[in-house]
Amino acid sequence: MTDRVSPERRSKIMSRVRTKDTGPEMVVRKLLHRLGYRYRLHRRDLAGCPDIVFSSRRKVIFVHGCFWHAHHCRYGRAPRSRQEYWLPKLRRNRERDAENIARLRALGWDVLTVWQCQTGDKEALGAMLTAFLDGEVIRRAR
Ligand SMILES: [Zn+2]
């Protein structure tokens, strides 16, 4: 098979395939829908193009794959081979995530990162999403 796509481009494609419209993100979206929340997807005008956006609540959710975003969990470990390639790359991803979150917060957005490894336990995930989305409302009501 001939591959006319550069390794860097290929890696970008793969990261999209893994994070958009598949796996963990769909788990979160389905659960949000079941909980009655309405949202927009992938708003490109916002830093980092957040996966799930609640415009009126001014809240966004990123759903991150543990590997690509270098989560501190057992799924987030860098491969043992070619570390000179992977370590700076994964570190850059992590730095970019932190920059995007800082930019969004500076503009008044609340940001929640849901990690892939947190999407297995639906009950805990539902509680986390509800606390994030309705937390302010509950605080105000008191
Ligand atoms: Zn993780």
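Residues numbered from 1 in each chain as written. Predicted model: local features only at pLDDT ≥ 70, side-chain atom pairs only at ≥ 80, totals over all residues.

**Q** Tell me about helix 2 (residues 23-34), residues and numbers included.
**A** End to end, helix 2 covers 17 Å across 12 residues, agreeing with the expected 16 Å (1.5 Å per residue, within 8%). Buried within helix 2 we find Pro24, Glu25, Val28 and Leu32. The buried side chains of helix 2 occupy one side of the element, clustering within an arc of 100 degrees when seen end-on. Across helix 2 from its buried face, at more than 90 degrees, point the exposed residues Lys30, His33 and Arg34. The first or second residue beyond helix 2 is Gly36, which carries a positive phi of 90 degrees. (Helix = DSSP H or I, 4+ residues; strand = E, 2+ residues; numbered from the N terminus. Expected span 1.5 Å × (residues − 1). Buried ≥ 20, exposed ≤ 12 C-beta atoms within 10 Å, placed from the backbone. Arc of directions from axis to C-beta.)

**Q** Account for the nonpolar core, naming residues and giving values.
**A** Membership of the largest hydrophobic core is limited to 10 residues, which are Val28, Leu32, Tyr39, Ile52, Val60, Ile61, Phe62, Val63, Leu104 and Val114. At the level of secondary structure, the elements contributing two or more residues to this core comprise helix 2 and strand 3 (59-64). When residues in this core are grouped by element, the largest group, 4 residues, is from strand 3. For Leu104, the contacting residues outside a window of four places in its chain are Leu46, Ala47, Val60, Trp109 and Val111. (Core = buried A, V, L, I, M, F, W, Y, C linked by C-beta atoms within 7 Å. Contact = placed C-beta atoms within 7 Å.)

**Q** Run through the sheet that holds strand 3, naming residues and quoting values.
**A** Here 4 strands make up an open sheet; going across it, the order is 1-2-3-4 and the pairing mixed. Among the strands making up the open sheet, the edge pair consists of strand 1 (40-41) and strand 4 (110-115). Strand direction decides the pairing type here: strand 3 and strand 4, joined by 6 bridges, are parallel. Considered in strand 4, the bridge of Phe62 is made with Thr113. Together, strand 2 (52-54), strand 3 and strand 4 form the strand contacts of helix 2, whose direction differs from that of strand 3 by roughly 145 degrees. (Pairing = 2+ DSSP bridges. Axes fitted to C-alpha atoms, helices over the stretch in contact; angles between N-to-C directions.)

**Q** Account for the pairing of strand 3, with residues named and values stated.
**A** Among the 6 residues of strand 3, 6 are classified as buried, and the element is accordingly described as predominantly covered. Alternating positions in strand 3 separate into two faces, Lys59, Ile61 and Val63 on one and Val60, Phe62 and His64 on the other, with burial throughout. Pairing analysis gives 3 bridges linking strand 2 to strand 3, with the strands arranged antiparallel. Each residue of the ladder has a partner; that of Ile52, found in strand 3, is Ile61. Counting the residues in the hairpin turn of strand 2 and strand 3 gives 4 residues, including Arg58, whose phi is positive at 55 degrees. Viewed along the sheet, the connection from strand 3 through helix 3 (residues 83-106) into strand 4 turns out right-handed. (Right-handed = clockwise from strand over helix to strand, strands pointing away.)

**Q** How would you explain unusual backbone geometry if you had to name every residue and give the values?
**A** Unlike most non-glycine residues, Cys49 shows phi in positive territory, near 50 degrees. Tracing the chain through its elements places Cys49 in the loop between strand 1 and strand 2. Classification of Cys49 as partly exposed rests on a count of 15 C-beta atoms within 10 Å.

Scope: geometric values only; no functional claims are made or implied.
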